4 protein chains.
Amino acid sequence: MAHADAHVLIVTCASRPGLVAAWSGCLFQAGANIVEIDQHADLAEDRFFMRIAFTAAAPPDRAGLAAVAARFDAHWRLYPPRGRQRVVIMVSKFDHCLADLLYRWRIGELAMDPIAIVSNHPREATQAVDTGDIPFHHLPVTRETKPAQEARLRALIEETGAELVVLARYMQVLSDDMSGWLAGRCINIHHSFLPGFKGARPYHQAHARGVKLIGATAHYVTGDLDEGPIIEQDVERISHADTPDDLIRKGRDVERRVLSRAVNYHLQHRVILDGHRTVVFPD
Amino acid sequence: MAHADAHVLIVTCASRPGLVAAWSGCLFQAGANIVEIDQHADLAEDRFFMRIAFTAAAPPDRAGLAAVAARFDAHWRLYPPRGRQRVVIMVSKFDHCLADLLYRWRIGELAMDPIAIVSNHPREATQAVDTGDIPFHHLPVTRETKPAQEARLRALIEETGAELVVLARYMQVLSDDMSGWLAGRCINIHHSFLPGFKGARPYHQAHARGVKLIGATAHYVTGDLDEGPIIEQDVERISHADTPDDLIRKGRDVERRVLSRAVNYHLQHRVILDGHRTVVFPD
Amino acid sequence: MAHADAHVLIVTCASRPGLVAAWSGCLFQAGANIVEIDQHADLAEDRFFMRIAFTAAAPPDRAGLAAVAARFDAHWRLYPPRGRQRVVIMVSKFDHCLADLLYRWRIGELAMDPIAIVSNHPREATQAVDTGDIPFHHLPVTRETKPAQEARLRALIEETGAELVVLARYMQVLSDDMSGWLAGRCINIHHSFLPGFKGARPYHQAHARGVKLIGATAHYVTGDLDEGPIIEQDVERISHADTPDDLIRKGRDVERRVLSRAVNYHLQHRVILDGHRTVVFPD
Amino acid sequence: MAHADAHVLIVTCASRPGLVAAWSGCLFQAGANIVEIDQHADLAEDRFFMRIAFTAAAPPDRAGLAAVAARFDAHWRLYPPRGRQRVVIMVSKFDHCLADLLYRWRIGELAMDPIAIVSNHPREATQAVDTGDIPFHHLPVTRETKPAQEARLRALIEETGAELVVLARYMQVLSDDMSGWLAGRCINIHHSFLPGFKGARPYHQAHARGVKLIGATAHYVTGDLDEGPIIEQDVERISHADTPDDLIRKGRDVERRVLSRAVNYHLQHRVILDGHRTVVFPD
């Protein structure tokens, strides 16, 4: 459920009585009308998470909200209606996720402005995708050039004011520094299996092991590339008759589906980071 | 997410600003701690639905809640913690749903007390199921005896104080009177297909039509037996190789899964009726 | 499982002993190596369906196969390796299925040559999609112009030698004549629900009814537009919180997924028509 | 698709031209009528697997089949119609899989004779399940008694002629010796996640990691308990709101569903072992 005209308030704090009453009361006095409220009280960890979408004739008074936040020692953020995040999409040779994100953007599904496409391969590598006028940056990476190229990437992000980086099957591992700098604003997609496999050529490993399901996981990037907080996951059924190439083909479908959902949730402020995990209020 | 110790408050009214603030404020003043809040604002229909689960040292003051309700002209109900509904389960020859419900009840998944099993067939028809000490009532139905048998059923429900009737593959159509009397407290399960089929032997029709998915729908009973407000649905994938008997077998799995979920949602007060549809806050 | 180098033999006949032995024996003597065999014996209807994919140094002797066919009064077809069907894609304003088909074609997933895009709307209506060099034909349809436009469409199909027509959310109903002429070589996609809905604005009807799943069905076109033999179906879970617009958005995902699977099965000769139903041997 | 009256022939060998022709020809000459044929040619590994279900007035001549097998150096087995395997079900405290298997057996879904239930806990531990007349064996296991108890288990299997052992949430690890002795005739069920987790309390680990799907895997037992050849897998969607207890509850559903499917496939001779993986021809 997307309310294009709604402000979104995100609150995180320790779980205490009166939280919903205090925040909703403050919004009511500010003339707001709540159209969607999701909360999660993690009683075991004593943590509280809330997302409120509300309409209002005028933006609510931040001082009033800050006063409530101070009372509960809460972390809070307020997002205006119709916000569109500036997004950098990074890609290597496989462009199915890129193609999917750009199509969804063009028909208005994703509230983003793609302000750059970055690839470690030249533009020809992704020629199946119409990237239109979006600036394309070729940043080839070797062990030697990695620090310099990451510096260029960082400069690009800073200069463009990018708020989100999407690794749309970008096959280079970001450095720990870069991952740390991007914490909470960089989403990666990777294949997932039951059980998991370590190392190279995972679809070949899954084939050798005879798994009956292949999956994909979208997560925030942390230093440990494939181990960040999970945003979304899904699977596809396969069989013994599928070759590794078939698995790769079927994997494309679940990868692009999972990544686009995760990006959409992030853009709608439906994901709240909670240490190693996330709270996700799906639309 | 089940909070066995939580009270549950259900609110339905027209959508107006201040609803969340008013109800949560009232609960806070009553010493309650909200552990789960779900709401749905149907802006097109101007309807508001809310479910609040809260813990409290003492039951909240009903007068305070009634005052809030009066202010918003709201319909409200309050359920105490650890409530177990008294349930009548009705069955014919197919007992897979009955078996599943009783097993889940025995291991504590379903907050109910099955106080009667009613069948239009004798006990031997469901002998694959261990019904233990639950009273079994054989109410055979013919066109002639139907009014009398429905009167006995009604008496049984009234005498036992049953709060919910589950039609667990009960193959007799209830009369309009009976359906109306049970409105909102009687759940039925039936097969569903894409597209739907009218008339007898639906699995045979689905086979003849070559459908690739079979499904099941759990819904509240209304006069129009298979058209009441939908609580839960699910599907299973099938193929041309499945005979009608295979469809019936595979249908059993999805029927029992969908019915048990629907019953569980109802028992946890997660379903709110809204005319021809429902608002369901899944656990 | 796709074997690009394999010939494909399709056999349909009455079910009789010795069928597999006769056909596989004939292929063996012709020097073929079977890499994939799927058969379906519909014992109730006394029908037999078989798909054999085989590699061979040289194309097998058609006379030998014809002799086997004559013995069993069988309908048979033989397709060479690496065959690519010529395809006309028809579209209206919603271009998500078109975009998906073209992307899959570009990366080599679909063994087709799109030789024309036909729309009843001008090219600008589908501008979110890069149609590259594929000829675009604007054939606007009114009640008066329909016969003439269908004649143009028919001429286009004949002139280009198109073997398959894909209705990729083409919102015009083909005439009975046109549907009949395209029988078995025209695939349509449409939304499906449990239960089904007749008439206009089906997503709005589904919303009003509170369904919990929405689906899509790909089928061969017959005179009865949405009732032809089903090739593939799938569903997505939804909730009360989804507005009709949300349903339409979520429907796009399942529509494009189901249509691309159906087209792929058809292109790989994995679908055999059987009256009102199909036999599908999925990859 | 189950043909109760069908013989089942299983063939495994190196992939060579003429295999289908030779076997089907031999069966035809023996008067058999093939009702179902599934084959898998693993071209990368040069392995061939086939399952043929056929009806015949009389059992086919084994000498003829043996001659074909000799020609291809094939491993083969022939199973008579209406075969019912003798099965030992092992369980600990969680009895949802046991309850499900016994119910399916009672209504005729599983072609087995449960000839013993073995538990490391006393009968009272599984009192939610009606085990009827099936002999119950309490074999408590400690580090000291394990060899002796496994000897008793082995004697039980030998004396009863059990052909299959199902570990229906049996929480003791079998010794390497026992696992090796039971290779290919012992099915285990365990939870699975994306990614996988090692060590104790996996549902708690999954909760801490914030996974969005939980799954289950049924596999043949090998020395490495949870790493044997996979027969079947499935998943359930979960959310941040699910406590570890909720995960355990939702895990029960997927565990019992996956195990019963795997056991059914095994009983119908639809699973062929292939080193570390399986070939499964689902019904």
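Named according to an unreviewed UniProt entry, chain A is Formyltetrahydrofolate deformylase originating from Nguyenibacter vanlangensis. Check the Sequence similarities (unreviewed entry) section of the UniProt entry for chain A; it says "Belongs to the PurU family." Listed under Catalytic activity (unreviewed entry) in UniProt, the entry text for chain A is "(6R)-10-formyltetrahydrofolate + H2O = (6S)-5,6,7,8-tetrahydrofolate + formate + H(+)".

Caption draft 1: Layout of the overall build of chain A. Looking only at helices and strands, chain A features seven helices and 13 strands. Here the C-alpha radius of gyration of chain A, 20 Å, is about what a compact globule of 283 residues would show, namely 19 Å. Taking all 283 residues of chain A together, the buried fraction comes to 61%. Sequence separation of at least 24 residues holds for 66% of the intrachain contacts in chain A that already meet a minimum separation of 6. Of the accessible surface of chain A, which amounts to about 10,800 Å², a share of 52% is contributed by carbon and sulfur atoms.

Caption draft 2: Representation of the UniProt feature "domain: ACT" (unreviewed entry) in chain A. Look at the UniProt record and you will see "domain: ACT" (unreviewed entry) annotated at residues 8-86 of chain A. For residues 8-86 of chain A, the end-to-end C-alpha separation is 18 Å, with 28% helix and 42% strand making up the annotated structure.

Caption draft 3: Structural view of the side chain of His269 of chain D. Note that His269 of chain D resides in the loop between helix H7 (244-267) and strand E12 (271-274). With sequence-adjacent residues up to four places away left out, His269 of chain D is seen in contact with Val8, Ile10, Arg51, Tyr79 and Gln85 of chain D.

Caption draft 4: A look at the interface of chain B and chain C. Between chain B and chain C, the residue contacts involve 34 residues of the former and 34 residues of the latter. Taken over both partners, the interface formed by chain B and chain C buries close to 2,800 Å², and the fraction arising from carbon and sulfur atoms is 48%. On the surface where chain B and chain C come into contact, there are four salt bridges. Put simply, Asp234 of chain C and Arg237 of chain B hold a salt bridge, and the shortest N to O gap is 3.7 Å. Scanning the region where chain B abuts chain C turns up 16 residue pairs in polar contact (both at pLDDT 80 or more). Elements represented by at least two residues in the side of chain B that touches chain C include exactly strand E9 (186-193), helix H6 (202-209), strand E10 (213-220), strand E11 (230-237) and strand E13 (277-280) of chain B. Residue contributions to the side of chain B that touches chain C peak at seven residues, all from E11 of chain B. For the side of chain B that touches chain C, a count of residues per class yields 14 nonpolar, 11 polar and nine charged.

Caption draft 5: Just the sheet that holds strand E10 (residues 213-220) of chain A, in detail. All names here are of chain A. Strand order across the open sheet formed by seven strands is E7-E6-E5-E8-E9-E10-E11, with mixed pairing between neighbours. The open sheet has two free edges, formed respectively by strand E7 (136-138) and strand E11 (230-237), since each of these has just one partner strand. Between one strand axis and the next, the sheet turns through 20° on average, direction left out of account. Examined bridge by bridge, strand E5 (residues 85-91) and strand E6 (residues 112-119) share seven bridges and lie parallel to one another. In the strand pairing of E6, Gln85 is matched with Met112. Strands E5, E6, strand E8 (164-167) and strand E9 (186-193) of the sheet are contacted by helix H3 (residues 96-106), whose axis makes an angle of about 160° with E6.

Caption draft 6: Spatial organisation of the relation of the copies chain B and chain C. Once chain B is rotated about the relating axis by 180° and shifted along it by 0.0 Å, it coincides with chain C to within an RMSD of 0.0 Å. Given the turn and translation reported, the copies of this chain are related as if by a two-fold rotation axis. A share of 100% of the interface residues of chain B reappears at the interface of chain C, consistent with the copies meeting face to face through the same patch.

Caption draft 7: Spatial organisation of the domain arrangement of chain A. Residue and element names in this part refer to chain A. Along its sequence, chain A is organised into domain 1 (7-79) and domain 2 (85-280). The gap between the C-alpha centroids of domain 1 and domain 2 is 32 Å. Ranking the residues of domain 1 by area buried against domain 2 places Phe49, Arg51 and Tyr79 at the top, with a combined share of 50%. Counting every contact that joins domain 1 to domain 2 gives three salt bridges. For Asp274, the salt bridge identified is with Arg47, shortest N-O distance 3.9 Å. The interface formed by domain 1 and domain 2 contains three residue pairs in polar contact (both at pLDDT 80 or more). Mapped by element, the contributors of at least two residues to the side of domain 1 that touches domain 2 are strand E1 (7-14), strand E2 (33-42) and strand E3 (47-55). When the residues that make up the side of domain 1 that touches domain 2 are grouped by side-chain class, the tally is five nonpolar, two polar and five charged.

Caption draft 8: Examining the packing of aromatic side chains more closely. Counted according to the given criterion, the structure contains zero aromatic pairs over all chains. The positively charged end of Arg185 of chain A is found above the aromatic ring belonging to Trp181 of chain A, 4.4 Å away from the centroid.

Caption draft 9: Broad picture of the interface of chain D and chain A. Every contact between the two is made by 34 residues of chain D and, on the other side, 34 residues of chain A. With both chains or domains summed, chain D and chain A bury close to 2,800 Å², and 48% of this area falls on carbon and sulfur atoms. For the pair chain D and chain A, the interface holds four salt bridges. The partner of Arg237 of chain A in a salt bridge is Glu232 of chain D, with the nearest N and O atoms 3.2 Å apart. Where chain D meets chain A, there are 16 residue pairs in polar contact (both at pLDDT 80 or more). Secondary-structure elements contributing two or more residues to the side of chain D that touches chain A are strand E9 (186-193), helix H6 (202-209), strand E10 (213-220), strand E11 (230-237) and strand E13 (277-280) of chain D. In terms of residue class, the side of chain D that touches chain A is made up of 14 nonpolar, 11 polar and nine charged.

Caption draft 10: Molecular detail of unusual backbone geometry. The backbone of Arg82 of chain B sits at a positive phi, close to 55°, despite the residue not being glycine. Here Arg82 of chain B is to be found in the loop between strand E4 (75-79) and strand E5 (85-91). Of the residues examined, Arg82 of chain B reaches a relative accessible area of 58% and is grouped as exposed. With a phi close to 60°, His269 of chain D is a non-glycine residue in the positive phi region.

Caption draft 11: Structural detail: the packing of helix H1 (residues 19-29) of chain C against helix H1 (residues 19-29) of chain D. Two numbers describe how H1 of chain C lies on H1 of chain D: the axes approach to 8 Å, and their chain directions differ by 145°. The way H1 of chain C lies across H1 of chain D gives a crossing that is left-handed. Within the contact between the two elements, H1 of chain C uses Val20, Ala21, Ser24, Gly25 and Phe28 of chain C and H1 of chain D uses Val20, Ala21, Ser24, Gly25 and Phe28 of chain D. For the contact of H1 of chain C with H1 of chain D, the residue count by class is six nonpolar, four polar and no charged.

Caption draft 12: Expanded view of the sheet that holds E11 of chain B. All names here are of chain B. If you trace the seven strands from one edge of the open sheet to the other, you get E7-E6-E5-E8-E9-E10-E11, paired in mixed fashion. At either margin of the open sheet sits one strand with a lone partner, and together these are strand E7 (136-138) and E11. Neighbour-to-neighbour, the strand axes of this sheet turn through a mean angle of 20°, independent of strand direction. Lying on the sheet, helix H4 (residues 146-160) is in contact with E5, strand E6 (112-119), E7 and strand E8 (164-167); it crosses E6 at an angle near 165°.

Caption draft 13: Main features of the pattern of salt bridges. All names here are of chain A. Inspection of every chain in the model, using the stated rule, returns 92 salt bridges over all chains. A salt bridge links Arg261 to Asp234; the nearest nitrogen and oxygen atoms lie 3.3 Å apart. In this pair, Arg261 sits in helix H7 (residues 244-267) while Asp234 sits in strand E11, placing the two residues 27 residues apart along the sequence. An identical accessibility class is assigned to Arg261 and Asp234; each is buried.

Caption draft 14: View of the confidence of the model for chain A. In the predicted model, chain A carries a mean pLDDT of 92, and the fraction of residues at 70 or more is 96%. Under the prediction, the complex receives an ipTM of 0.92, its pTM being 0.95.

Caption draft 15: Structural context of the pairing of strand E1 (residues 7-14) of chain B. All names here are of chain B. Burial of E1 is extensive: seven of the eight residues sit out of reach of the surface. Of the strand pairs in this sheet, E1 and strand E3 (residues 47-55) are connected by eight bridges, and their pairing is antiparallel. Paired with Ala14 across the two strands is Arg47, which belongs to E3. As paired strands, E1 and E4 are joined by five bridges and run antiparallel to one another.

Caption draft 16: Main features of helix H1 (residues 19-29) of chain A. All names here are of chain A. With nine of its 11 residues buried, H1 lies for the most part within the structure. Within the sequence span of H1, burial applies to Leu19, Val20, Ala21, Ala22, Trp23, Ser24, Gly25, Cys26 and Leu27. Phi for Gly31, located one or two positions after H1, is positive at around 85°.

Cut-off values and rules
- Residues numbered from 1 in each chain as written.
- Chains lettered and ligands numbered in written order.
- Predicted model: local features only at pLDDT ≥ 70, side-chain atom pairs only at ≥ 80, totals over all residues.
- Heavy atoms only, no water.
- UniProt positions renumbered as here; feature names shortened; annotations may be inferred.
- Helix = DSSP H or I, 4+ residues; strand = E, 2+ residues; numbered from the N terminus.
- Rg over C-alpha atoms; globule rule 2.2 N^0.38 Å.
- Buried < 20%, exposed > 50% of the residue type's maximum accessible area, 1.4 Å probe, protein only.
- Contact = heavy atoms within 4.5 Å.
- Areas by Shrake-Rupley, 256 points an atom, 1.4 Å probe, with all protein chains shown as cover.
- Buried area = accessible area lost by both parts, 1.4 Å probe.
- Salt bridge = Lys/Arg side-chain N within 4 Å of Asp/Glu carboxyl O.
- Polar contact = N/O pair within 3.5 Å; in protein donor to acceptor, adjacent residues only side chain to side chain.
- Nonpolar A, V, L, I, M, F, W, Y, C, P; charged D, E, K, R; others polar.
- Pairing = 2+ DSSP bridges.
- Axes fitted to C-alpha atoms, helices over the stretch in contact; angles between N-to-C directions.
- Least-squares fit on C-alpha atoms with pLDDT ≥ 70 in both.
- Domains from an automatic or database assignment.
- Phe/Tyr/Trp six-rings, centres within 6.5 Å; stacked < 30°, edge-to-face > 60°.
- Lys NZ or Arg CZ within 6 Å of the ring centre and 35° of its normal.
- Left-handed = near helix turned anticlockwise from the far one by under 90°.
- pLDDT = per-residue confidence, 0-100.

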